[in-house]
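Breakdown of the fold
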Amino acid sequence: MIASYYADIIVTIILFLVLAMFLAPLIFFGWLYIRNRNQTQHSLLRGKYWFLGILRYVIEKVGPEFRFYITDADDGGRPISRVKFVSIVKAAKYLKTLISFGSKRDFAAPGFFIRNSLFPRLDGELEVDNSFLIQTRRYSITDESLFFRTEKMEEVEVRPWFLTEANSVTIGPDRERPWRLRGLIGQSGMSYGALGKSAITALSKGISMAGGSWMNTGEGGLSEHHLSGGCDIIFQLGPGLFGARSPDGELDWDKLKGIARRAEVRAIEIKLGQGAKIRGGHVEGAKVTPEIAAIRGLTPWKSIDSPNRFSQFHDTPSLFDFIARVQETTGLPVGIKVVIGGQESLDEVAAELHKRGTGPDFITVDGGEGGTGATFKEMADSLGLPIYSAIVIADDSLRRHGARGKVKLIASGRLHLPDDLPHPAYPRARGVQGRPVPGGQRRAVVSAAGRRGLICGIITPFLHGV
Ligand SMILES: Cc1cc2nc3c(=O)[nH]c(=O)nc-3n(C[C@H](O)[C@H](O)[C@H](O)COP(=O)(O)O)c2cc1C
């Protein structure tokens, strides 16, 4: 009796579930059909082929992921290919970069190859400082199947690969507070606003753990999150003067002095442009929280468009006057960030540097392929030369004007993996002096945010290290 009673209940439940399985999609598409028939925005969804219309919107929505994970060739995706993306994440999360079976590179395609030595140096013969180990953590995969992956975090010690004292790079040797670098890779400017506090905090802590590196604030001012890790910082001054701005929008020299007095702040970068946009920065109002507005000296929740150029200077001589005043006021090395548009782009700067014997302590050359929080497609696509050409032009221009030894070059723009670096680092393979220093950025975002960093449109921050 009781058994047949329970059998009836089970049969009823199964029948109900089967019915629901058939009815639910019918109800859902019925609701979609009625909803689309009554909307006025999309005629495609009101017509006979409304279902195809829905499919189109669905495919548009998942298209980027579909292409990234399925249809794109391993090295086909842009701005960061899957093979690069995976290498960055593997290096950052698992501290593993070994591959097996061989390279996926198309060796028939034009490109750069690193010249190897027949007698590579032994570890002990390398001019690096590995006299101590860095404590850090990494994930290791303990179990993996098609549907899940279990990982555990483990403590590990890694070698710092610092430059030795003899090999270290000094920026601004004639300044009150010269900056000595024991590493060659840093994080380019990303403003607090384009990135959120968790990303900035993680970057600051990660860079501090790695050591021998630096973090550039970007043009959004210096925040406590930048300072949270205690790493070396380049304070970037953009045309919006954020962070050192007086209430009437002028440059507040006392504020700038205050920033420069911080022990973490090692240099100031005056932003003339970035590869993805040769215009002022833009941050959507929705991202201008009261905290960000306070740091920038602006009104909360109001979109920000900083001017295309500084009002403090308008040509090379006035730029040099401004740099000199910032150097005197702060005692710090001061550099400029530029985009090279043609063979002669840096000639005036190089000539002035030679004529005056002093000027910017470093020049950051950002390639046209450099990233951004927000810009116009046409600008990102077509303004400014790519880094491999730009850095050679910059190096050449300085040499032609006898000014190469007076300034350090920093290169950035899709320099994401170790084998992206040699070319900009040795445009002419002449001597350690004047060796450019690569900067990198979206690599930072990728290994923290993964694909999400790209999906959020204007990159909503996440967490990451150099
Ligand atoms: C989210 C984001 C925000 C950025 N903000 C700034 C900025 O405030 N100032 C600046 O000079 N460059 C900015 N950039 C450009 C980078 O500093 C850098 O020049 C460029 O991204 C280098 O290319 P990479 O990302 O391929 O390494 C930003 C880039 C990104 C991705």
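Residues numbered from 1 in each chain as written. Predicted model: local features only at pLDDT ≥ 70, side-chain atom pairs only at ≥ 80, totals over all residues. Heavy atoms only, no water.

**So, the packing of aromatic side chains**
For the record, the criterion: Two rings from Phe, Tyr or Trp (for Trp, the six-membered ring) form a pair when their centres are within 6.5 Å of each other. A pair whose planes differ by under 30 degrees is stacked, one over 60 is edge-to-face, and the rest are tilted. Summary of the burial criterion: residues with accessible area below 20% of their type's maximum are buried, those above 50% are exposed, and those between are partly exposed, where the area comes from a 1.4 Å probe applied to protein chains only. Only DSSP runs of H or I with at least four residues qualify as helices, and only runs of E with at least two residues qualify as strands; both kinds are numbered from the N terminus onward.
Enumeration over the complete set of coordinates arrives at 16 aromatic pairs. Both rings, one in Trp50 and one in Phe51, keep their centres 6.0 Å apart while their planes meet at 85°; by these two values the pair is edge-to-face. For Trp50, a relative accessible area of 15% gives the class buried. Residue Phe51 is classed as partly exposed on the basis of its relative accessible area of 38%. Geometrically, the ring pair formed by Trp179 and Trp214 is edge-to-face, given 5.9 Å between the ring centres and 85° between the ring planes. Separated by 35 residues along the polypeptide, Trp179 in strand E6 (residues 179-181) and Trp214 in strand E8 (residues 214-216) bring together distant segments of the chain. Of the two residues, Trp179 and Trp214, neither departs from the other in class, the shared state being buried. Through a chain of ring-to-ring contacts, three or more aromatic side chains come together here, namely Phe28, Phe29, Trp31, Tyr33, Trp50 and Phe51.

**Focus: helix H1 (residues 2-38)**
The line we're drawing: Multiplying 1.5 Å by the residue count of a helix minus one yields the expected span of that helix. Note that the bend at a residue is defined as the angle between axes fitted to the seven residues ending at it and the seven residues starting at it.
The end-to-end C-alpha separation of H1 is 52 Å, in line with the 54 Å expected for 37 residues at 1.5 Å each. Along H1, the sharpest change in direction is near 25° and occurs at Leu23; proline Pro25 comes one to four residues later.

**Structural notes on the pattern of salt bridges**
The line we're drawing: Take a side-chain nitrogen of Lys or Arg and a carboxyl oxygen of Asp or Glu: if they are within 4 Å of each other, that pair is a salt bridge.
Considering all chains together, one arrives at 26 salt bridges under this definition. Put simply, Asp123 and Arg159 hold a salt bridge, and the shortest N to O gap is 3.1 Å. Of this pair, Asp123 sits in the loop between helix H4 (82-94) and strand E1 (128-129) while Arg159 is found in the loop between strand E3 (149-158) and strand E4 (162-163), placing the two residues 36 residues apart along the sequence. We classify Arg159 as partly exposed; its relative accessible area is 40%. In this structure, the salt-bridge partner of Arg175 is Asp361, at a minimum N-O distance of 2.9 Å.

**Details of the domain arrangement of the protein chain**
Quick note on the threshold: For every domain, the bounds stem from an assignment made automatically or drawn from a database.
In terms of domains, the protein chain is made up of domain 1 (2-71) and domain 2 (181-449). Between the C-alpha centres of domain 1 and domain 2 there is a distance of 50 Å.

**Considerations on a nonpolar patch on the surface**
Quick note on the threshold: What goes into a patch is any residue over 30% in relative accessible area without a salt bridge, connected to like charges within 9 Å or, for nonpolar side chains (Val, Leu, Ile, Met, Phe, Trp, Tyr), within 5 Å. Surface accessibility in these figures is a Shrake-Rupley result with a 1.4 Å probe; residues are shielded only by whichever protein chains are displayed.
A surface patch of nonpolar side chains, about 830 Å² in accessible area, is lined by Phe28, Phe29, Trp31, Tyr49, Phe51, Leu52, Leu55 and Ile59. Of all the elements in the fold, those that place two or more residues in the nonpolar patch are H1 and helix H3 (50-71). Of all the elements, H3 adds the most residues to the nonpolar patch, at four residues. Assignment of secondary structure puts Phe29 in helix H1. Exposure remark for Phe29: the relative accessible area of 31% places this residue in the partly exposed category.

**Looking at the side chain of Lys337**
Note the cut-off: Charged residues are defined here as Lys and Arg on the positive side and Asp and Glu on the negative side; His and the ends of the chain fall outside this count. Whether two residues touch is decided by their heavy atoms; if any such pair falls within 4.5 Å, the residues are in contact.
With respect to the helices and strands, Lys337 occurs in strand E13 (residues 334-338). For the buried Lys337, no salt bridge is present, and the opposite-charge side chain at shortest range is Asp366, 4.1 Å distant. Sequence-distant contacts of Lys337, defined by excluding residues within four places in its chain, comprise Gln236, Glu269, Ile270, Lys271, Leu272, Gly273, Gln274, Thr364 and Asp366.

**With respect to the environment of Ser228**
Position of Ser228 relative to the elements: it lies in the loop between helix H6 (224-227) and strand E9 (232-237). Exposure remark for Ser228: the relative accessible area of 34% places this residue in the partly exposed category. For the pair formed by Ser228 and Leu203, sequence separation is 25 residues and the distance between their alpha carbons is 9.5 Å. Not counting chain neighbours up to four residues away, the residues in contact with Ser228 comprise Thr201, Ser204 and Lys205.

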